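# Observations on the three-dimensional arrangement
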Amino acid sequence: MDLTVQGRKAYAYTGGKAIDLRLPCVVFVHGAEHDHSVWVLQSRYLAHHGHGVLAVDLPAHGRSEGPPLASVEAIADWIVALLDAAGVKQAALVGHSMGSLVALDCAARHPARVNRIALIGAAFPMRVSDELLSATRDDEPLAQDMVNIWSHSAYAHYPSNPGPGFWVLGENLRLMQRQKPGVMHVDFRACNDYAAGAERAAQVACPALFILGRRDAMTPARSGRELAKAVKGARVVEIGASGHNSMAEKPDDVLDALTAFLREGT
Amino acid sequence: MSQPSYLRFDTLSLHAGQAPDPHTGARATPIYQTTSFVFRDADHAAALFNMERAGHVYSRISNPTNAVLEERMAALEGGVAGLAVASGQAAMHLGLATLAGAGSHIVSSRALYGGSHNLLAYTLPRFGVETTFVNPRDLDAWRKAIRPNTKCLFGETLGNPGLDVLNIPALAEIAHEHRIPLFVDATFTTPYLMRPFDLGADLLFHSATKFLGGHGVAIGGILVDGGTFDWEASGKFPELTEPYAGFHGMDFQEESTVAAFSLRARREGLRDFGACMSPPTAFQILQGIETLPLRMERHVANTRTVVEFLRSNPAVESIGYPELPEHPDHALAKQLLPRGCGAVFSFSIKGGRPAGRRFIETLSVFSHLANVGDAKSLVIHPATTTHFRMDDAALAAAGIGPGTIRLSIGLEDPQDLIDDLTRALRASQKG
């Protein structure tokens, strides 16, 4: 569905059916250089199983107008503006990578609007190596290859994403290539520069779930576990044979963890 | 962190899309000889049918053995998805039927395999899809033939049998100027010799029966989606960007930003046309792909040896191989096919059709049959076999004369091939 958020066109995938605002709402927030389609095997299921779903394209990503937002805090505020635009009073936030920091920040600073958070591929600090950060600025194809390789733990996936016969690494690369030039650097800089993670983690009062890939080379699981310790009552689900792109590498594991977590809130 | 690298081509040929079976430890790809797959429960069944979860339901739509082949080919080509189907013709049809319907138009190279020409010239018009054929070397002709209802440009990476080299970068530019994709038949080149997506093509298919299998024991085809074409921005493909009544209003581009074409091809084309590949065939083609790099290297080396031999034989009138300076696409071939121009080519023998008959009937190592890309060397007379449905004008336009002989060079000792050709050429001139 198309919305107007902060004066610009914004898009959110609603899981293959119109959103029903009477149902508990789940907002999916993608990571750097991605769009809503990374969530297809989680969002579509939830939309058909008792949830209203908004899998957003962040500003300048996918179908949403730009420019890209330069900080995690700005994206978190944009999510609240999106909830306003959609007529949603309160939602669960599910975020991946950069989106996980957004979910954390949003839950801490806007507690009335967020009833639970699920963080996938999360870490704090989410430092980006100098080499990668400069590549995102100076050589996007190189940076996309680096991220694509570091985001996956295998060259064979079952059941693959969005289904058998689809090549996960190829899809992820093409999805990054589809984003507008310049967006990648803004996104990675936002991750790298986010300094409030520890403070925000301590402020989170809603239930929190961390889903971590044991083979994550982008945001190592140990870093995610440390962040989880800072969130009161947070639970951690670790997925064995998964890298950073868990939604595609282990779609059922991620969905099952999310479904169980969200069920507690309904 | 040091700069990482993807697994390289030879390694992907062996590993992409397949890991040891987690239940049995089987290292090779198992043949999942089953029509159907058990659901965990009723909710799982409904979720699989509605694409809320990924997995296998019925082997016409997907099968674990086929999925390995599909993902491996997508990896080797640098695409986003593969679809394994019953034959190369089925792959071409699935690709075109996903893009085009009644009232659509295609612009195609006229240098095509006879079966492909037949589909475009005679069969698809029965379903309301028209094709304009153009000289593949005439870029203006391609541009002028495009109409508002044109759905794609189509051609073979190396035309059969004249080996016209398709100018993929130039044609991709023309196609994209008109917001349509470039769809190519990459059978003769395989991803070892050329990766069309790297050059600008958007969709491709292979007759996997040929070099991918290499053994001549299985008929199959693979359609591969490059994931490069933006269907939404094009605005010309409502089948991919608007709700589809045949799948509960699914908007395929919304579901997958980069693989909408493959989703529709699988969810509509495989479901409704049903030209699926059998799992043992997928296994056999995978066995071939494991050695594709090694075989292609030898195919090309043997071909170069044979071409060099034929050049010096007085019974040979002309040879159509792009590595020769006299071939009209020589410069383009050097640019697009630096690893070689494949192992299928044609040549003309002095003495026309009778000499050609004597030549073919004298050969003993070469097999006279209607196939190419086998590990064994093959020979055929296109005007009376693979291209017999084309009239003389169409044959001439495709570069085929009455004395044209097509060879597919295999993996034998090259000296045995030369000895065989020497005997047959000598016999051909004794009429």
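None of the values given here were measured: they were computed from a predicted structure.

This paragraph deals with the overall build of chain B. Of regular secondary structure, chain B possesses 19 helices and 12 strands. Seen through its principal axes, chain B has C-alpha atoms that stretch 75 × 55 × 50 Å. By the burial criterion, 54% of the 431 residues in chain B qualify as buried. Sequence-distant contacts in chain B: of pairs separated by 6 or more residues, those separated by 24 or more amount to 72%.

Contacts between the two partners involve 34 residues from chain A and, on the opposite side, 42 residues from chain B. Put simply, the parts of the chain that give the side of chain A that touches chain B at least two residues each are α1 (40-47), α5 (140-150), α6 (168-178) and α11 (251-263) of chain A. Looking at which element gives the most residues to the side of chain A that touches chain B, the answer is α6(A), with five residues. Across the side of chain A that touches chain B, the residue classes tally to 17 nonpolar, 10 polar and seven charged.

This brings us to the domain arrangement of chain B. You'll often see interface size given as the accessible area lost when the parts meet. Residues and elements named next belong to chain B. As far as domains go, chain B holds domain 1 (9-288) and domain 2 (292-428). Taking the mean C-alpha position of each, domain 1 and domain 2 sit 28 Å from one another. Secondary structure elements with two or more residues in the side of domain 1 that touches domain 2: α1 (9-15), α5 (114-123) and α8 (190-193). Taken together, the residues of the side of domain 1 that touches domain 2 break down into 15 nonpolar, 13 polar and five charged.

On to unusual backbone geometry, then. Omega for the peptide link from G66(A) to P67(A) comes to 5°, which places this bond in the cis form. Mapped onto the elements, P67(A) comes out in the loop between β4 (52-57) and α2 (72-86). Across the junction of F124(A) and P125(A), the peptide omega takes the value -5°, indicating a cis bond. Look at E33(A): it is not a glycine, yet its phi comes out positive at around 60°. Within the secondary structure layout, E33(A) lies in the loop between β3 (25-29) and α1. Judged by C-beta crowding, with 28 C-beta atoms within 10 Å, E33(A) ranks as buried. One non-glycine residue, M51(B), lies in the positive phi region at around 60°. Along the chain, the position of M51(B) falls in the loop between α2 (42-49) and α3 (64-77). Judged by local crowding, M51(B) falls into the buried class, with 21 C-beta atoms found within 10 Å.

What follows is about the sheet that holds strand β7 (residues 221-225) of chain B. Strand pairing in a sheet is mediated by backbone hydrogen bonds. Such pairs are either parallel or antiparallel. Residues and elements named next belong to chain B. Across the sheet, seven strands lie side by side as β1-β7-β6-β5-β4-β2-β3; this open sheet has mixed pairing. Two strands lie at the open edges of the sheet, namely β1 (81-85) and β3 (130-134), each paired on one side alone. Direction aside, neighbouring strands of the sheet carry axes that sit 20° apart on average. Against the sheet, helix α13 (residues 260-272) engages β1, β6 (203-207) and β7, with an angle of about 25° to β1.

You can see C152(B) is positioned in strand β4 (residues 150-156). C152(B) has contacts with L99(B), I106(B), I180(B), P181(B), L182(B) and F183(B), leaving out every residue within four places of it along the chain.

What follows is about helix α17 (residues 352-362) of chain B. Along α17(B), the residues classified as buried are A355(B), G356(B) and F359(B). For α17(B), the angular spread of the buried residues around the axis is 105°, confining them to a single face.

Our next topic: the environment of A355(B). Residues and elements named next belong to chain B. Inspection of the secondary structure assignment puts A355 in helix α17. Considered as a pair, A355 and V306 are 49 residues apart in the sequence and their alpha carbons are 19 Å apart. Setting aside residues up to four positions removed in sequence, A355 forms contacts with I349, K350, G403, S428, Q429 and G431.

Rules and cut-offs
- Residues numbered from 1 in each chain as written.
- Chains lettered and ligands numbered in written order.
- Predicted model: local features only at pLDDT ≥ 70, side-chain atom pairs only at ≥ 80, totals over all residues.
- Helix = DSSP H or I, 4+ residues; strand = E, 2+ residues; numbered from the N terminus.
- Buried ≥ 20, exposed ≤ 12 C-beta atoms within 10 Å, placed from the backbone.
- Contact = placed C-beta atoms within 7 Å.
- Nonpolar A, V, L, I, M, F, W, Y, C, P; charged D, E, K, R; others polar.
- Domains from an automatic or database assignment.
- Pairing = 2+ DSSP bridges.
- Axes fitted to C-alpha atoms, helices over the stretch in contact; angles between N-to-C directions.
- Arc of directions from axis to C-beta.

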